Amino acid sequence: MLFGPLSTSLAPQVKSSRTLLKWITPIANWYANASGYRKYGFKYDDLLCEENPEVQRALSRLTPREAYDRAYRLKRASQASILHAPLSKEQWMQPSEDIRYLKPHVVEVMKEEAERKMWDTVAVERK
Amino acid sequence: MLAARASTARNIQRIARSFATAVDTAGVKVASVNYNQPTSSVTVLVKAGSRFETKDGVANALKNFAFKSTAKRSAIGTVRESELYGGVLSASLGREYLALSAEFLRGDEPFFVDLLTSFITSAKFTRHEFEEYVLRLIEADTEAAVENPTSRAIDVAHSLAFRSGLGKSLFAPAHNSLTVADVKAFASSSFTKGNVAVLGTGIDQSTLSSLVEKAFASAPSASTTSSTSPTSYFGGETRLQSHHGPQTVFIGFGTTGSPSASLAALSAHLSPAPSVKWSKGISSIATGIPEGTSVQTVYLPYSDASLFGLLVQGSTAAGVKEAGKVAVQALKASASGLKEEDLKRAIAKAKFNAASASDNREGLVAALGSKILGGSDVTLESSFSSLDALNTSTFSKATSSLLASKPTYVVVGDAHALPFADELGL
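Nothing here was measured: the structure is a model prediction, and the numbers come from that model.

Conventions used here
- Residues numbered from 1 in each chain as written.
- Chains lettered and ligands numbered in written order.
- Predicted model: local features only at pLDDT ≥ 70, side-chain atom pairs only at ≥ 80, totals over all residues.
- Heavy atoms only, no water.
- Helix = DSSP H or I, 4+ residues; strand = E, 2+ residues; numbered from the N terminus.
- Rg over C-alpha atoms; globule rule 2.2 N^0.38 Å.
- Buried < 20%, exposed > 50% of the residue type's maximum accessible area, 1.4 Å probe, protein only.
- Contact = heavy atoms within 4.5 Å.
- Areas by Shrake-Rupley, 256 points an atom, 1.4 Å probe, with all protein chains shown as cover.
- Lys, Arg positive; Asp, Glu negative; His and termini not counted.
- Charge placed at Lys NZ, Arg CZ, Asp CG, Glu CD.
- Phe/Tyr/Trp six-rings, centres within 6.5 Å; stacked < 30°, edge-to-face > 60°.
- Lys NZ or Arg CZ within 6 Å of the ring centre and 35° of its normal.
- Salt bridge = Lys/Arg side-chain N within 4 Å of Asp/Glu carboxyl O.
- Core = buried A, V, L, I, M, F, W, Y, C linked by side-chain atoms within 4.5 Å.
- Buried area = accessible area lost by both parts, 1.4 Å probe.
- Polar contact = N/O pair within 3.5 Å; in protein donor to acceptor, adjacent residues only side chain to side chain.

A. Representation of the overall build of chain A within the structure. Scanning chain A from N- to C-terminus turns up 5 helices and 0 strands. Scanning chain A from its N terminus toward the C terminus, one meets helices and strands in the order α-α-α-α-α. Expected size for 127 residues packed as a compact globule is a radius of gyration near 14 Å; at 18 Å, chain A overshoots this value by more than 25%. Counting only C-alpha atoms and orienting by the principal axes, one finds that chain A spans roughly 65 × 40 × 25 Å. Looking at the 127 residues of chain A, the share that counts as buried comes to 25%. In chain A, the proportion of contacts linking residues at least 24 apart, taken out of those at least 6 apart, comes to 81%. A total of about 9,500 Å² of accessible surface is found on chain A, and carbon and sulfur atoms cover 60% of it. Side-chain charges in chain A split into 21 positive and 16 negative, and the spacing between the mean points of these groups amounts to 6 Å.

Next comes the structure, spelled out in structure tokens:
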């Protein structure tokens, strides 16, 4: 992927401006709900493209509980997809529970990779 | 020639005196010795050996966590940066101490002292590092220990001899339930200032002191030390089936209290290792044992107990039985009294062993670690004078009281064919 496994995001810039944050937050919430993944019981990080080494490594760092819950959500959503219908409303993902459980691990892995690359290509000077 | 001898003796005395006394620096004990070696080394000793562990194998896990990420640098940064400096990092675990060492060129000490101390003050103990790297190292340690009959026999002998405390294994159980939280808790309880000593070789005492002071300036001032109940000796017999390596029998005896000179002399007296290459040596064990077998003396002094033993190894169980009989006979003979010149020879050998051990770095750390953390003065002279004070009557008294205790008897190999303790005359 062009910008790494997490793609690009303007969220840090938006968050740094209070006015902008106030304007954009309702739109962002509407958009997240409208995209429909919550109706299938997903968290946003379940949709992260996992077919690359960084995310695979991040997935291996989840706690056993987190990994189990993720697999459960994926299975439940597959079943819903076969039935061509969203889950019943009480099974929808609540916005409060839709947290980025995988992103911190991916960021950590990417940092490690960057550091490895830095040490592999570092130019040493004797002071 | 005599003059030359006398000057060597004086040199030894001078070196012994110039060995730094432990200085308290920001609550941490620092000792350093500088013979103008071309390289320097710094060892951080922590009272976090297997003796103090709260859960089986957690000390081994902590050892294998050494040089992983800290608040100052990541694991890869630690390795790559010390490679750029040309240093060598190592961690080793004893029953009483965990030693983290760095060897490096003179002048690079600010970096390496910072590297070692940052593990003590700010190690991160991340869960993913534990699962991705440390667990495998723990497993490898355990597997290597099980496959090596010597280390297995001595490890089991400790647990028979001392049960808890010093009897705890250096290795994690093969199927353990260690978690990173256990390691973290063990580290936070043992990485306190009172538990840490820094030993340097080839580095100025004042330089090392100032570096250590800077490193521990921000560390919490709690200076509690790890403590366990005093060791007592039990002894016992066990037989372990093993298909790796030579047939092995360990015949050991333990004492409590601080290590005595008579045990060092006994070990030197019984040791069949020849002083001249390609010869058999004149010890009664060396001349008596059959071909294809070997006997080694094992003398392991700890702060409040010591274990002395004979490790008999051979390719066949029958040969080991013969050699074991000879070894036990020699042990009993030395308890019933030693000739004056034999004792003199043993004392000279023990003195040489003590002196040459403090020649290399590992020996220095092993010999001085307990003394420094114990807070006593650090000299070779004291161990020399206690060896000199031995005479035949004190020696035979100490040895016979040692043999009066219940033996620690461990068999590793073909457990059906190897001899029982009473078959060797114990």
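B. How the structure looks around the overall build of chain B. Scanning chain B for helices and strands turns up 15 helices and 11 strands. The C-alpha radius of gyration computed for chain B amounts to 22 Å, which stays within 12% of the reference 22 Å derived for 426 residues, consistent with globular compactness. Counting only C-alpha atoms and orienting by the principal axes, one finds that chain B spans roughly 60 × 60 × 40 Å. In chain B, which comprises 426 residues, the proportion classed as buried is 51%. Partitioning the intrachain contacts of chain B with sequence separation of at least 6 by distance along the chain shows that 82% fall at a separation of at least 24. For chain B, the exposed area adds up to about 18,900 Å²; of that, 55% sits on carbon and sulfur atoms.

C. Layout of the packing of aromatic side chains. All names here are of chain B. Within the structure shown, the criterion is met by 10 aromatic pairs over all chains. A centroid spacing of 4.9 Å and a plane angle of 80° characterise the contact between F111 and F112, whose relative ring orientation is edge-to-face. You can call F111 buried: its relative accessible area is 8%. Overall, F112 belongs to the buried group, its relative accessible area being 0%. Connected via pairs of aromatic rings, a cluster forms that spans F65, F119, F125, F130 and F191. Its end group placed over the ring of F234, R163 keeps NZ or CZ at 3.8 Å from the ring centre. The aromatic ring of F384 is capped on one face by K351, whose charged end is 5.6 Å from the ring centroid.

D. Spatial organisation of the pattern of salt bridges. A complete count under the given rule lists 23 salt bridges over all chains for this structure. Here D182(B) makes a salt bridge to K55(B), at a shortest N to O gap of 2.7 Å. Here D182(B), found in helix α7 (residues 180-190), pairs with K55(B), found in the loop between β3 (39-46) and α2 (58-64); they are 127 residues apart in sequence, far enough to count as distant. Taken together, the salt bridges that share partners define one network made up of D46(A), E50(A), R70(A) and R73(A).

E. How the structure looks around the nonpolar core. Residues and elements named next belong to chain B. Of all hydrophobic cores here, the largest spans 47 residues; its most connected members are L62, F125, F130 and F191. In terms of residue count, the dominant contributor to this core is helix α4 (residues 109-122) (7 residues). In contact with F125, other than residues within four places in its own chain, are L62, F65, S69, F119, V180, V183, K184, A187 and F191. Judged by nonpolar contacts, the second largest core, of 38 residues, contains V249, A261, V328 and A330.

F. The arrangement of the interface of chain B and chain A in detail. Facing the 10 residues of chain B at the interface are 11 residues of chain A. Across the chain B to chain A interface the summed buried area is about 1,100 Å²; carbon plus sulfur atoms make up 47%. Inspection of the region where chain B meets chain A yields 3 salt bridges. For the pair chain B and chain A, the number of links is 6 residue pairs in polar contact (both at pLDDT 80 or more).

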